[in-house]
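Secondary and tertiary structure notes
Residues per chain are reported as follows:
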Amino acid sequence: MRSFYLLIFVVIGLIISSCTTSQQTTQLSPELPVEGASAHWVSADLLIWDPGVDAESYELRYIPDADISVQRFGSPSGKSLKLSENGFLTAYQADKFRHISDRPVFSVNGERSQYQEALRGQILAVAYDLNGIPVKATRVQTHGLIDDLYTYDGQLGPIYTDDGITLKIWAPTAQNVTLSIFDDSKNEIDTVDPEEYQSQNGVWVFEGSDEWDRNFYRINVTVFHPENNQINTFEVTDPYSVSLSTDSRYSQFVNLNDDDIKPTGWDQLKKELPQATDITLYEAHMRDFSIIDKSIPEEHHGTYMAFTHNGEKGSNLSDAMAHLKRLSESGLTHLHLLPINDIASIKEDKNERVDLIDPFNRICEIIGTNDQLAEDCENYGTTPIREVFESLSADDPTTLEIQRIYRSPEHSNKLADYDGFNWGYDPFHFNTPEGSFATNPEGVQRILETREMVQALDEIGLNIVVDVVYNHTHATGSSRFSVLDKVVPDYYHRLDPNSGDVETSTCCSNTAAEFNMMENLIIDSVLLWAKEYKIDSFRFDLMGHHPRYVMERLTEELAKLTLEEDGVDGENIYIYGEGWNFGEVADNRIFDQATQFMMGGTGIGNFNDRSRDGIRGGNYTNNRRDQGFTNGRYLFPNEDAGDLDEELAALLDQGDRIRVGMTGNLADYPYINRNGESVTGGNEMIGYAELPQESVNYIDKHDNETLWDNTQSKLPHELEMDERIRVHLLSQAMINFGQGVPFHQMGTDILRSKSMDRNSYDSGDWYNAVDFTLETSNWGIGLPPGWDNSDLWDGQREFLSNPNINIQKEHMELSHQLFREQLEIRYSSPLFRLPTGDQINQRVAFHNTGPDQIPGIIAMRYSDGVCAGNDLDPNLDGVLIIFNSSLDEQSIELNLSGMTLHPSQVNGSDEIVKESRIENGMVTVPGLTAAVFIKEQNGEQGEFVCNPIE
């Protein structure tokens, strides 16, 4: 009996202990923590979610007031939608959500009205154990549900009709939206409630009279935002703004058809565009082009208006436009401008900016000081900043003082944050031109001046490309620079599937074009630029972060634009971009990407980094000294070169990459590789194109060093200046004489330097400006900013102070002239610009291939006539191009006769290429030379018969 009572006491003690422990736990953690955002509401009736715990039941909890609490004991607050473990994805849904389609799928049991109510507040997914105790809670991602309920394909933003002005805002998750109207002084003159909310598509409609015209406005969106788990009222600009105030603080009502924002003759401007393979691209930045052009008024420096000084219609011809005009006369077709849409990183109000023309002490007045800057301001006083920099670099071409002032690590505010320069890959509003490039950033002047720029370029024969950045926005959440994410939080951006954090692999807040309304925004925006600004081509930043189908749909929509109906040759608007494969979307994880190896057959261009690296060498190894085919690999190795056998193997590999690249990087082009194997372009992950226009062939653009700077890091220190220039031009010849679409960075034809800066996106006008008087080249103007160059400073000091590298005006003049002659050769015959893969396979052949080739020679042949079944060039039977990357003259036996050096080289400025010759079937070409031989048509096919592999 005693044992029995003892047992009773033990049991009672355990029960009391258990209750006490439970009470302590409840007191310590009364609420279940909400972890991440791993539930995905993918359609009205389906949810994907892996709770990761054993659970008995599941539900969605939602509440408009954003105060859901999930108690460990007791019912959660809010309303409930039960989840059943019997969901099944359709094939379409499984593909659209492929990265999470292997997770459990639940059916959502509710009505459309409940789903709509849920979207306007806070939503959690909750899992319960057998006793009804919650064991897991997470936020819910709702992209798929929003697409299912609210996809809208109509016009958004301001719409002008005969009855007045309508404003449409797509905000399906908002609890309320109102409109605030402001006058020119930004005094609020009216607050307007919506005329209606279209619950079937999530559009808020505001109706106004013509009196709204040219007034400024903002929208007030009351909406739940997961950034603070609260209902917020954001005062925000219109995502579809077509005009803005200074610094983009207010949207403006503007009719883009108003006559006062069109230059004379604008409506009559109709450009018939070339086919894609007839294009050559020249990449520029607005400020780089004219910021130091003394031949134009100072107020036009770095602006749209700089392009209007084109020598036409009584205008003067500026130094910068004279340069473009010469290139256009030689064959250049398209000027590519880095982003010109509204961006976040530049202060449009000049009163808040510091530019190089300002007195030095303005730096301290505007951005504040640290001890060093205070001393600088006292020393330099009212001396213009540019003059100070000129003096510093003249004393020491590798000075660290200039980069310190631009991006001093000791100072939170830097000159780079307050100047007028940035590449512009930080979009703010997609449909409005950037105000800092206008003579007046307030309102409509930027619209007029952008159109004047387009018209002025057309007058000298140049079409225009704009760089578009739809893959990310500058900011999300409550930031002043956040727009889309305030209007429809967490919809326009790609979120981590578990945490719900915005993905940032592109640098910033990644957008999600796999969802309908982001896709529509991209297409609507491009169509607006094409129709309203007559833009002829679009270059997509980080295009591989977009789905392939979005890019295909875009080309289809553009093709519907006609000269007759729209004044636009939409079918020939060329689309190209960066098809890099990286980040959370890599390897088609979320969708089929618009990457290099995914876009064959679309006609959309991708940058070809394969032949780029073959020509100029690698970027990221051996302190950037790894040589390429043209700058010395094996043939004249630099001081850091490796084993000669390894260098030869690398040279032959680079030769194969270049050959494939010069076919338009065709995946199915047959050739004999360095090992003697019969392969095709795609066998070694080189060729990715089905059409030659799908390969944008380049060796430099704004990213990484300029071609000149890159090359100097590869060459032996003792190489003389004349040979350095020949290496530079030989590299360019491989782009200009090959198939595909050539692309060059502005100034590369005049030996442009950025003082070896490898990422000059925020390095200011000092490092980036181009001098078209050719008095300066920017070589040796101080070590570049340390934030992305400091690990290279030791080598850069050696290169920038090398006495053998001394760019003079005559060097730049010669380079420019020889570049023009290369363009003239390209446009002298359609054989250089074949439009189809079949024609290239039939007409393009290489000699000197395989393991026994003469190192450093690429011999390329274009055939005409019987070979392809028709005659493309009535004047020629064929073309032979010999690229000799050796320092010395080389000969190759080809048993060809009746060929002569191209007239542009016979009559050109390069005296050395004139020594090229063909004697007794032996072709001899001087060192570091690209020689072009032609065979004039004489009614005989001769040696130029079909022979694609040799």
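Residues numbered from 1 in each chain as written. Predicted model: local features only at pLDDT ≥ 70, side-chain atom pairs only at ≥ 80, totals over all residues. Heavy atoms only, no water.

**Notes on the state of the cysteines**
Formally: Our working definition of a disulfide is a cysteine sulfur pair at a distance within 2.5 Å. A run of H or I in DSSP becomes a helix once it reaches four residues, and a run of E becomes a strand once it reaches two; helices and strands are each numbered from the N terminus. Each residue is placed in one exposure class: buried if its accessible area under a 1.4 Å probe, protein chains only, is under 20% of its type's maximum, exposed if it is over 50%, and partly exposed if it falls in between.
Applying the stated criterion to the full structure yields 2 disulfides. One disulfide bridge connects C364 with C377, the sulfur atoms lying 1.9 Å from each other. Between C364 and C377, the S-S dihedral sits near 90°, and the bridge is therefore right-handed. Linking C364 in helix 7 (residues 362–367) with C377 in helix 8 (residues 371–380), this pair joins segments that are 13 residues apart in sequence. The same class applies to C364 as to C377, namely buried. In this model C507 forms its disulfide with C508; the gap between the sulfur atoms is 2.3 Å. The sign of the -90° torsion about the S-S bond sets the C507-C508 disulfide as left-handed.

**Overview of unusual backbone geometry**
Although it is not a glycine, S248 adopts a positive phi angle of roughly 60°. Here S248 is to be found in the loop between strand 15 (230–236) and strand 16 (251–252). For S248, a relative accessible area of 3% translates into the label buried. Of note in the backbone geometry, N704 takes a positive phi value of approximately 65° without being a glycine. The exposure class assigned to N704 is buried, which follows from its relative accessible area of 10%.

**As for the sheet that holds strand 29 (residues 695–698)**
Here is the rule: Between any two strands, pairing holds if DSSP finds at least two bridges. Note on definitions: angles span 0 to 180 degrees between N-to-C directions of axes, and those axes are lines fitted to C-alpha atoms, for helices only across the stretch in contact. Every residue pair with non-hydrogen atoms within 4.5 Å of one another is taken to be in contact.
Taken together, 8 strands build a closed barrel; the order of strands is 17-18-21-24-25-26-29-30 and the barrel is parallel. Sheet twist, expressed as the mean angle between neighbouring strand axes with direction ignored, is 30°. The pairing of strand 17 (residues 281–284) with strand 30 (residues 741–745) spans 3 bridges and is classified as parallel. Paired with L281 across the bridge in strand 30 is F743. Taken strand by strand, helix 16 (residues 609–616) contacts strand 26 (605–608) and strand 29, and its axis lies near 25° from that of strand 26.

**A closer look at the sheet that holds strand 38 (residues 929–936)**
If you trace the 5 strands from one edge of the open sheet to the other, you get 31-32-33-38-35, paired in antiparallel fashion. Each having just a single partner strand, strand 31 (844–847) and strand 35 (900–901) make up the two edges of the open sheet. Across 2 bridges, strand 35 lies against strand 38 in antiparallel orientation. Residue pairing for strand 38: T900 is matched across the bridge by I934.

**Details of the nonpolar core**
To be explicit about the condition: We define the nonpolar core as a collection of buried residues of types Ala, Val, Leu, Ile, Met, Phe, Trp, Tyr and Cys that are connected through side-chain atoms lying within 4.5 Å of one another.
Residues W41, W170, F538 and F540 are the most contacted members of the largest nonpolar core, which totals 149 residues. Top contributing element to this core by residue count: helix 14 (residues 516–533), with 11 residues. Counting 42 residues, the second-largest nonpolar core is a separate cluster that includes Y688, L719, L834 and I840.

**Some words on helix 12 (residues 445–459)**
Formally: To estimate how far a helix should reach, multiply one less than its number of residues by 1.5 Å.
With 15 residues, helix 12 extends 21 Å from end C-alpha to end C-alpha; this agrees with the ideal 21 Å at 1.5 Å per step. By the criterion of burial, helix 12 is predominantly enclosed, with 11 of the 15 residues buried. Taken together, the buried positions of helix 12 are occupied by R446, I447, L448, E449, T450, R451, M453, V454, Q455, A456 and L457. Phi turns positive, to about 85°, at G461, one or two residues after helix 12.

**Some words on the pairing of strand 33 (residues 876–884)**
Across the 9 residues that make up strand 33, a large majority, 9, are buried. Here strand 32 (residues 857–863) pairs with strand 33 via 7 bridges, running antiparallel. Directly across from M860, in strand 33, lies its bridge partner I881. Pairing of strand 33 with strand 38, which is carried by 8 bridges, proceeds in the antiparallel orientation. Looking at the pairing, F883 lines up with A930 of strand 38.

**A closer look at the side chain of D749**
Applicable threshold: His residues and chain termini do not enter the charge count, which takes Lys and Arg as positive and Asp and Glu as negative. A pairing counts as a salt bridge when a side-chain nitrogen of Lys or Arg comes within 4 Å of a carboxyl oxygen of Asp or Glu. Two N or O atoms count as a polar contact when they lie within 3.5 Å, although within protein this holds only if one can serve as hydrogen donor and the other as acceptor, and sequence-adjacent residues are included solely when both atoms are side-chain atoms.
Within the fold, D749 resides in the loop between strand 30 and helix 20 (764–768). Nearest to the buried, unbridged D749 among oppositely charged side chains is R326, at 7.2 Å. Side-chain polar atoms of D749 contact the side chain of Y282, separated by 2.7 Å. Only 2.7 Å separates the side chain of D749 from the side chain of H323, close enough to count as a polar contact. Residues within four places of D749 in sequence aside, it is in contact with Y282, H323, L327, Q732, M812, S815, H816 and F819.

**Structural notes on the packing of aromatic side chains**
This is how the line gets drawn: Under the pairing criterion, centres of Phe, Tyr and Trp rings, with the six-membered ring standing for Trp, must be within 6.5 Å; the plane angle then separates stacked pairs below 30 degrees from edge-to-face pairs above 60, leaving the rest tilted. Our definition puts a charge over a ring when NZ of Lys or CZ of Arg is within 6 Å of the ring centre and also within 35 degrees of the ring normal.
For the structure on display, the rule yields 38 aromatic pairs. Ring geometry for Y304 against F437: centres 6.0 Å apart, planes inclined by 90°, an arrangement best described as edge-to-face. With Y304 in the loop between helix 5 (286–290) and helix 6 (319–330) and F437 in the loop between strand 20 (427–433) and helix 12, the pair connects residues that are 133 residues apart, well separated along the chain. A relative accessible area of 0% places Y304 in the buried class. For F437, a relative accessible area of 0% translates into the label buried. Aromatic side chains F597 and Y688 sit 5.7 Å apart centroid to centroid with 70° between the ring planes, which places their arrangement in the edge-to-face category. In this pair, F597 is assigned in the loop between strand 25 (574–577) and strand 26 and Y688 in the loop between strand 28 (678–680) and strand 29, connecting sequence segments 91 residues apart. Within the aromatic cluster, the residues linked to one another by ring pairs are F97, W170, Y491, Y492 and F515. A cation over an aromatic ring shows up here: R451 above the ring of Y533, its NZ or CZ 5.4 Å from the ring centre.

**So, the pattern of salt bridges**
Here the structure, examined in full by the defined rule, presents 56 salt bridges. A salt bridge links E235 to R218; the shortest N-O distance between them is 3.2 Å. Taken together, the residues E235 in strand 15 and R218 in strand 14 (residues 216–225) connect sequence positions 17 residues apart. Of the residues examined, E235 reaches a relative accessible area of 40% and is grouped as partly exposed. Put simply, D355 and R353 hold a salt bridge, and the shortest N to O gap is 3.3 Å. In this pair, the class of D355 matches that of R353, namely buried.

**Structural notes on the confidence of the model for the protein**
Test applied: Note on scores: pLDDT gives the predictor's confidence for each residue, bounded by 0 and 100.
The pLDDT averaged across the protein works out to 94; a share of 95% of its residues lies at or above 70. A low-confidence stretch, residues 1–28 stays under pLDDT 50, and its non-local contacts, those more than four residues away or across chains, total 1 contact.

**Some thoughts on a negative patch on the surface**
Selection criterion: Each patch groups residues whose relative accessible area exceeds 30% and which form no salt bridge, using 9 Å between like charges and 5 Å between nonpolar side chains of Val, Leu, Ile, Met, Phe, Trp and Tyr. Where accessible areas are quoted, they stem from the Shrake-Rupley method and a 1.4 Å probe; at the residue level, only the protein chains shown are allowed to cover. Charged groups are reduced to one reference atom each: NZ for lysine, CZ for arginine, CG for aspartic acid, CD for glutamic acid.
On the surface, a cluster of negative charge is contributed by D162, D163, E195, E196 and E207. Within the secondary structure, E207 is located in strand 13 (residues 203–208).

**Overview of the side chain of Q654**
Relative to the elements of secondary structure, Q654 occurs in helix 17 (residues 644–661). One polar contact links the side chain of Q654 to the main-chain amide nitrogen of F629, over a distance of 3.3 Å. Contact partners of Q654, with chain neighbours within four places excluded, come to D613, G614, G617, Q627, G628, F629 and R633.

**As for the packing of helix 6 against helix 22 (residues 809–826)**
Formally: By the definition adopted for this analysis, an angle is roughly parallel if under 35 degrees, roughly antiparallel if over 145, roughly perpendicular if from 65 to 115, and oblique otherwise. Under the scheme applied, nonpolar residues are Ala, Val, Leu, Ile, Met, Phe, Trp, Tyr, Cys and Pro; charged residues are Asp, Glu, Lys and Arg; polar residues are all the others, including Gly.
Where helix 6 contacts helix 22, the axes come no closer than 8 Å and their chain directions differ by 30°. When the axis of helix 6 is compared with that of helix 22, the two are roughly parallel. Packed against helix 6, whose contacting residues are H323, R326, L327, E329 and S330, the element helix 22 presents H816, F819, R820, L823 and E824 at the interface. Along the lines of polarity and charge, the residues of the contact of helix 6 with helix 22 split into 3 nonpolar, 3 polar and 4 charged.

**Structural notes on the pairing of strand 11 (residues 188–192)**
Inspection of the sheet shows strand 10 (residues 176–182) paired to strand 11 by 4 bridges, in the antiparallel sense. Looking across to strand 11, one finds that F182 is bridged to E188. The hairpin turn running from strand 10 into strand 11, its antiparallel successor, is 5 residues long, and K186 in that turn takes a positive phi close to 70°.

**Quick look at the environment of N228**
For N228, the location among the structural elements is in the loop between strand 14 and strand 15. For the pair N228 and R404, spaced 176 residues apart in sequence, the C-alpha separation works out to 38 Å. Within the structure, N228 has its side chain in polar contact with the backbone nitrogen of Q230 (distance 3.0 Å).

**Topic: empty space enclosed by the protein**
So the rule is basically this: Using a grid of 1 Å spacing that covers the protein atoms alone, one calls a set of points a cavity when a 1.4 Å probe fits there but cannot get out, and a pocket when the set is open and has protein on both sides within 12 Å along at least five of seven lines; lining residues are those with an atom within 4 Å of a point. Grid points are joined across faces, edges and corners, and a volume is the space filled by probe spheres set on the points.
Scanning the entire structure with this criterion turns up 13 cavities of 30 Å³ or more. Volume-wise, the largest cavity comes out at about 280 Å³. Lining the largest cavity are 21 residues, and of these V140, T142, F224, P489 and D490 lie nearest its centre. Among the secondary structure elements, those contributing two or more residues to the lining of the largest cavity are helix 3 (112–119), strand 6 (122–128), strand 7 (134–141), helix 4 (143–150) and strand 14. Looking at the lining of the largest cavity residue by residue, the classes come out as 12 nonpolar, 7 polar and 2 charged.

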